[in-house]
Amino acid sequence: TDTEPAAPVRETAESIATMEIRGAATIAAAAAEALAEQAEAAAASGETASDPTAFRASMRAAGRTLRETRPTAVSLPNALRYVLQRMEGETVDELRRSVIGASDAFVRQLDRAQEDLGQVGANRLADGDTVMTHCHSTDALACIEAAVDQGKSISAVVKETRPRQQGHITAEQLRDAGVPVTLIVDSAARRYLDEVDHVVVGADSIAADGGVINKIGTSGLAVNARERGVPIMTAAQTIKLHPETLTGHTIEIEMRDESEVVDPEAREEIGEIDVENPAFDVTPPRYMDAIVTEHGQFPPESIVTLMRELFGEGAEEPWAE
Ligand code: RUB
C-alpha cells in the first residue's frame, strides 16, 4: 500500500535491528535521515504525491517502522518526535520541505551537541590521564578526542565489551586519534582501575531520577570505580534524556538473542540450560559522578530539571496511527 514505508526506511530499520547501525546517537541520526528519505519518496510517487493526508499517514507509518527496531535508546523516539512534530503545511510539497528541513536541523544539532559536550568532558580530564571506556560511545569518544585536541596526553584502557565487542571499535578510533590503547577483557576491569584516572561511558537513555541506562556492565563498572575511588562520567547529549520517565514510566531493557552469548554448537553440548542476554543495565545515580551534556555537566540527581525544561511533562507519539 501507499502508506508502507519506502525502501530506504525499511533498509535503515533493518540495519538498526541487526546493529549494523548502532549506538544511540548514530541510531538517532539514521532515523532522522530515513524520515527525510521517506518524505522524498512519498512526494515523488503514488497517492502520497498528491494527497497530503496520505503523505502524513505514510510519514507516521515510517516512524512506527523505525520505532519498532530497538527499545532502549530514547534518542530514537526523540529523533522521530523532533522531525514529525515539525511536519507542517497544506500541500505535499510544503510537508516534504518541512520534514527535510527538520531532519537536517536535527542532524546538525546532534553534531554540534556532541562537539559542545566533548569540550565539557575534556575539561574533566587532565594531561597525563588514563581513561577507561566501556562499549563504543561517540559522545564518550568526543570527550577524549577533545582532551587530545586541547593538547593533553591521554591513554586508554578499553574494555572489550562482551558479547558484541564494541570495544574493538573504540580501540580503533582511539588509536586513530593518537591515544595509546590497552584492550582488556571485561572481567579485568577492576584490576586495571588502579591504573585509571577517569572512567568515561556513554548512555542510551537517562531516567528522571538520574539513572543511566547504558551497555550491560556499566553499572558493575561504576560500582567498582566508586570502590577504587576513580571518578566516572557519562557523556550524553540531551536527546538521551527519557521524557516518559517524568511521568513514572520505566525504560525497557532490550533482551537480545542467546546466540550472541554462546554459539549453537557449544549450546548443544552444554545441554538444557537457560541463556539470557540483556543488552543494557541501569547505573543508579549515586554511583555516577557527573552527566556531561552540551549544556554543561550535571550531578545525576539534578538532571530532572534539565529534562523538564527541554521535554516538558509529556512525551507525545506523533507516529501513532
Ligand atoms: C551502545 C551503547 C553506547 C550508547 C552511547 O550499545 O551502549 O554506549 O549507545 O553511544 P549498542 P553514543 O552497541 O547495543 O547500540 O554516545 O554513540 O550515542
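Think of each chain on its own: its residues are numbered from 1, step by step along the sequence as written. With the structure being a predicted model, the display of local features is reserved for residues of pLDDT at least 70 and the display and counting of side-chain atom pairs for 80 or more, all residues being used for whole-chain, interface and lining totals. No hydrogens and no water enter the side-chain calculation; it runs on all heavy atoms of the structure.

### Quick notes on the overall build of the chain
Item 1. A run of DSSP states H or I qualifies as a helix once it reaches four residues; a run of E qualifies as a strand once it reaches two. Both are numbered from the N-terminal end. When helices and strands are tallied, the chain shows eleven helices and ten strands.
Item 2. The globule rule puts the C-alpha radius of gyration for 321 residues at 20 Å, and the 21 Å found for the chain is close to it.
Item 3. Taking the principal axes of its C-alpha atoms as reference, the chain extends roughly 65 × 50 × 40 Å.
Item 4. Relative accessibility under 20% of the residue-type maximum defines a buried residue, over 50% an exposed one, and the middle range a partly exposed one, all with a 1.4 Å probe and only protein chains included. Counting the 321 residues in the chain, one finds 53% classified as buried.
Item 5. Should any heavy atoms of two residues lie within 4.5 Å, those residues are considered in contact. Within the chain, residue pairs in contact and separated by at least 24 positions form 78% of the contacts whose partners lie at least 6 positions apart.
Item 6. When the accessible surface of the chain is summed, it comes to about 14200 Å², and 45% of that surface belongs to carbon and sulfur atoms.
Item 7. Charge counting follows a simple rule: Lys and Arg are positive, Asp and Glu are negative, and His as well as the terminal groups are ignored. Lysine's charge is taken at NZ, arginine's at CZ, aspartate's at CG and glutamate's at CD. Distance between charge centroids for the chain: 4 Å, based on 29 positive and 56 negative side chains. This radius of gyration counts C-alpha atoms alone. The globule rule is 2.2 Å times how many residues there are, raised to the power 0.38. Method for areas: the Shrake-Rupley scheme with a 1.4 Å probe, in which residue coverage is limited to the protein chains shown.

### Quick look at unusual backbone geometry
One can expect most non-glycine residues to show negative phi and most peptide bonds to be in trans.
Item 1. That bond from Arg162 to Pro163 is cis: its omega, 0 degrees, falls within 30 degrees of zero.
Item 2. By the element assignment, Pro163 lies in the loop between β2 (155-159) and α7 (167-176).
Item 3. The phi dihedral of Thr161 is positive, around 75 degrees, even though this residue is not glycine.
Item 4. Of note, the phi angle at Gln165 is positive, near 60 degrees, even though the residue is not glycine.

### Remarks on the pattern of salt bridges
Item 1. By salt bridge we mean one thing: a side-chain nitrogen of Lys or Arg within 4 Å of a carboxyl oxygen of Asp or Glu. Following the criterion strictly, the structure yields 16 salt bridges and no others.
Item 2. Residue Arg96 pairs with Glu40 through a salt bridge whose shortest N-O separation is 3.6 Å. Taken together, the positions of Arg96 in helix α5 (residues 92-123) and Glu40 in helix α2 (residues 24-44) put the pair 56 residues apart, joining distant regions of the chain.
Item 3. Glu40 sits in the partly exposed class, given a relative accessible area of 40%.
Item 4. Among the salt bridges present, the one from Arg175 reaches Asp176, with a minimum N-O distance of 2.6 Å.
Item 5. Salt bridges sharing common partners tie together Arg70, Arg164, Glu254, Arg256 and Glu260.

### Section: the site of the ligand
Item 1. Around the ligand there are 18 residues in total, and Arg22, Ser137, Thr138, Asn214 and Lys215 lie nearest to it.
Item 2. Taking Arg22, its side chain carries an N or O atom lying 2.4 Å from an oxygen atom of the ligand.
Item 3. For the ligand, an oxygen atom lies 2.8 Å from a polar atom in the side chain of Asp204.
Item 4. The fraction of the free accessible surface of the ligand (460 Å²) that becomes covered by protein chains is 100%.
Item 5. Elements that contribute at least two residues to the shell around the ligand include exactly α2, α6 (138-149) and β6 (212-215).
Item 6. Gly is placed with the polar residues, together with every amino acid not listed as nonpolar (Ala, Val, Leu, Ile, Met, Phe, Trp, Tyr, Cys and Pro) or charged (Asp, Glu, Lys and Arg). Taken together, the residues of the shell around the ligand break down into six nonpolar, six polar and six charged. Throughout, the term near means that a residue has one or more heavy atoms lying within 4 Å of the molecule or strand in question. Any pair of nitrogen or oxygen atoms within 3.5 Å is treated as a polar contact; in protein, a donor-acceptor pairing is required on top of that, and neighbouring residues in sequence qualify only through side-chain atoms on both sides.

### Looking at the side chain of Glu160
Item 1. Position of Glu160 relative to the elements: it lies in the loop between β2 and α7.
Item 2. Arg162 is the oppositely charged side chain nearest to the buried, salt-bridge-free Glu160, at an N-O distance of 5.6 Å.
Item 3. A polar side-chain atom of Glu160 sits 3.2 Å from a polar atom in the side chain of Gln165.
Item 4. Glu160 has contacts with Gln165, Gln166, Gly167, His168, Leu183, Ile184, Val185 and Asp186, leaving out every residue within four places of it along the chain.

### Side note on the sheet that holds strand β10 (residues 296-298)
Item 1. A pair of strands is considered paired only if DSSP assigns at least 2 bridges between the two. With respect to topology, seven strands assemble into an open sheet ordered β3-β2-β1-β4-β7-β9-β10, the strand pairing being mixed. Looking at strand neighbours, the two that pair on one side only are β3 (181-184) and β10, the edges of this open sheet. Taking the axes of each pair of neighbouring strands and ignoring which way they run, one obtains an average angle of 25 degrees across the sheet.
Item 2. Bridge analysis of strand β1 (residues 130-133) against β2 gives four bridges, and the strand direction is parallel. The residue bridging Val131 from the neighbouring strand is Ala156, located in β2.
Item 3. For helices, the axis comes from a line fit to the C-alpha atoms of the stretch in contact; other axes are also lines fit to C-alpha atoms, and the angle between any two N-to-C directions lies between 0 and 180 degrees. Packed on one face of the sheet, α5 meets β7 (232-235), β9 (290-293) and β10 and runs near 140 degrees to β9.
Item 4. Relative to the sheet, helix α9 (residues 218-228) contacts β1, β2, β4 (198-201) and β7, its axis offset from that of β4 by approximately 160 degrees.

### Topic: the sheet that holds β6
Item 1. In space, the three strands of this open sheet follow the order β5-β6-β8, with antiparallel pairing throughout. Looking at the sheet topology across the chains shown, the edges are occupied by β5 (205-206) and β8 (280-283).
Item 2. Relative to β8, β6 is paired through four bridges, and the arrangement is antiparallel. Paired with Ile213 across the bridge in β8 is Val282.
Item 3. Sheet contacts for α9: β6 and β8; angle to β8, the most-contacted strand, approximately 35 degrees.

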